[in-house]
Amino acid sequence: MRKFAIGAVVSGALALSVLAVPAASATTPDFAFSKVVVNGGKPIVVGTTNVVKIPVTYTLTRPSDIVLDNKTKAAGVLLYRGTLAHSLNTIENSELPVCTTTATTATTVTESCKETIDLDPWASLYEAADATTWHAAGYYGRLDLDEDDSDGHVSVNYADDLWGPLASVQIKRAAKLTVNAGPEPVTKGKTLTVTGSLTRANWYSSEYAGYTGQPVALQFKAKGASTYTTVKTVTSGTSGALKTTVKASADGTYRFSFAGTSTTGAKAATGDYVDVK
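Values in this document were obtained by computation on a predicted structure and should not be read as measured data.

A. Just the overall build of the chain, in detail. Broken down by element type, the chain carries 1 helix and 18 strands. Taking 2.2 N^0.38 as the reference for a compact globule, 277 residues should give roughly 19 Å; the C-alpha atoms of the chain span a radius of gyration of 26 Å, well beyond that estimate. On the principal axes, the C-alpha backbone points of the chain span a range of 90 × 40 × 30 Å. By the burial criterion, 43% of the 277 residues in the chain qualify as buried. In the chain, once contacts between residues fewer than 6 apart in sequence are set aside, the share between residues at least 24 apart is 68%.

Shown next as structure tokens:
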């Protein structure tokens, strides 16, 4: 289902875990994850190379007799798409959670926790289907390790419990947008041609590819103004190409702006200033 989250902490132990069958729990441990927030509730926009750090916060209530040493016992939050029992992809926390005890009883400990998930698109995102809604799951993992081979036997048994979905978050493909307005300078009243391209991350090829058939706004900000105004909407063509014309009326900056879709993040091009004579 998933690699034990503390494998990096236990040196060499889990290199053998592929030979072991996860041990079944006699009883389900009494863990409760609540108030899970992933990336501040905002979509996660991912390109082709840069690692995106995803903050996660949550409240964990656990039995007081279970000590999370992050060596043989660990708990935290991971992301998955698909179902809890049959995930299609998972992304695990890359740093140990930092937890502060907020309440205790005779049998439980409640903690306020935060952790970071490092999302490396090269290592964790493989196809367009990964641009979708992901879910958060709480996990409790434990390791039973016997490395004493003096008797001719070693064993590595690990087990996981997962709870979810606890929260949802959208992972989107990053977009790139360019613009060029010309000729420059241009005579007032003459035709100005504005070109550009809309591309988005392809996680399979680790490159950006044209995003066709998408509405993109051409916007203008007059010299001295602080905001852009939409002039017209253009539809991206082959390879994401954008092209349109406008009448030059005043000095100012033109840009293309893409509002985004359910699978692709919003993007605005860096503006191109045009001097009108």
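B. Quick peek at the sheet that holds strand β7 (residues 108-119). The strand order across the open sheet built from 4 strands is β1-β3-β7-β6, with neighbouring strands paired in antiparallel fashion. The strands lining the two open edges of the sheet, one partner per strand, are β1 (32-38) and β6 (98-104). Across the sheet, the mean angle from the axis of one strand to that of its neighbour is 20°, orientation sign disregarded. The sheet contact formed by strand β3 (residues 52-63) and β7 spans 12 bridges and is antiparallel. Counted as the bridge partner of Thr-59 is Ser-112 from β7.

C. Examining the side chain of Thr-244 more closely. Looking at the secondary structure, you find Thr-244 in strand β15 (residues 241-247). Accessibility expressed as a relative area gives 12% for Thr-244, which makes it buried. For Thr-244, the side chain forms a polar contact with the side chain of Lys-232, separated by 3.1 Å. Residues within four places of Thr-244 in sequence aside, it is in contact with Leu-192, Thr-193, Val-194, Leu-218, Lys-232 and Val-234.

D. Main features of the sheet that holds strand β5 (residues 87-91). On the basis of which strands lie adjacent, the open sheet formed by 5 strands has the order β2-β9-β8-β4-β5 and mixed pairing. Every other strand in the sheet has two partners, leaving β2 (44-46) and β5 as the edge strands with one partner each. The mean angle between the axes of side-by-side strands here comes to 45°, regardless of whether they run parallel or antiparallel. Bridge count for strand β4 (residues 73-82) against β5 is 4 bridges, and the pairing is antiparallel. The residue of β5 that forms the bridge with Arg-81 is Asn-89.

E. The arrangement of the state of the cysteines in detail. In this structure the tally under the stated criterion is 1 disulfide. Covalent S-S linkage joins Cys-99 and Cys-113, the inter-sulfur distance amounting to 2.1 Å. Where Cys-99 bonds to Cys-113 through sulfur, the torsion about that S-S bond is close to 115°, and the disulfide is right-handed. Placement of Cys-99 in strand β6 and of Cys-113 in strand β7 is noted, with a sequence separation of 14 residues between them. Overall, Cys-99 belongs to the partly exposed group, its relative accessible area being 31%.

F. Expanded view of the packing of aromatic side chains. Summed over all chains, the structure comprises 6 aromatic pairs. The structure contains a cluster of three or more aromatic residues connected by ring pairs, namely Phe-31, Phe-33, Tyr-58, Tyr-140 and Trp-163. Over the ring of Tyr-211 we find Arg-200; its NZ or CZ atom is 3.7 Å from the centre of that ring. Positioned above the aromatic ring of Tyr-228 is the side chain of Arg-255, whose terminal nitrogen or guanidinium carbon lies 3.9 Å from the ring centre.

G. Representation of the side chain of Ser-236 in the model. By the element assignment, Ser-236 lies in the loop between β14 (229-235) and β15. Reaching out from Ser-236, the side chain makes a polar contact with the backbone oxygen of Tyr-211 at a distance of 2.7 Å.

H. Molecular detail of the nonpolar core. Ranked by internal contacts, the top residues of the largest apolar core, which has 30 residues, are Val-38, Ile-44, Leu-79, Leu-119 and Ile-171. Mapped onto this core, the elements with two or more residues apiece are β1, β2, β3, β4, β7, β8 (133-146) and β9 (155-173). With 5 residues, β3 is the single largest residue contributor to this core. Other than its neighbours up to four places away in sequence, Val-38 contacts Ile-44, Ile-54, Pro-55, Val-56, Leu-79, Ala-136 and Val-169. One finds Val-194, Leu-218, Leu-242 and Val-274 within the second-largest nonpolar core, a separate group that totals 22 residues.

I. Focus on unusual backbone geometry. Omega for the peptide link from Gly-164 to Pro-165 comes to 0°, which places this bond in the cis form. Here Pro-165 is to be found in strand β9. In this structure, Pro-185 follows Glu-184 across a cis peptide bond, with omega equal to -10°. Of note, Pro-185 is situated in the loop between β10 (175-182) and β11 (191-202). Its identity as a non-glycine residue notwithstanding, Asn-39 has a phi of 55°, on the positive side. Inspection of the secondary structure puts Asn-39 in the loop between β1 and β2. In this structure Asn-39 comes out as buried when scored by relative accessible area, which is 18%. Phi angles above zero are rare outside glycine, and Ser-206 is one such case at about 60°. Within the element layout of this structure, Ser-206 appears in the loop between β11 and β12 (207-210).

Rules behind the numbers
Residues numbered from 1 in each chain as written. Predicted model: local features only at pLDDT ≥ 70, side-chain atom pairs only at ≥ 80, totals over all residues. Heavy atoms only, no water. Helix = DSSP H or I, 4+ residues; strand = E, 2+ residues; numbered from the N terminus. Rg over C-alpha atoms; globule rule 2.2 N^0.38 Å. Buried < 20%, exposed > 50% of the residue type's maximum accessible area, 1.4 Å probe, protein only. Contact = heavy atoms within 4.5 Å. Pairing = 2+ DSSP bridges. Axes fitted to C-alpha atoms, helices over the stretch in contact; angles between N-to-C directions. Polar contact = N/O pair within 3.5 Å; in protein donor to acceptor, adjacent residues only side chain to side chain. Disulfide = S-S within 2.5 Å. Phe/Tyr/Trp six-rings, centres within 6.5 Å; stacked < 30°, edge-to-face > 60°. Lys NZ or Arg CZ within 6 Å of the ring centre and 35° of its normal. Core = buried A, V, L, I, M, F, W, Y, C linked by side-chain atoms within 4.5 Å.

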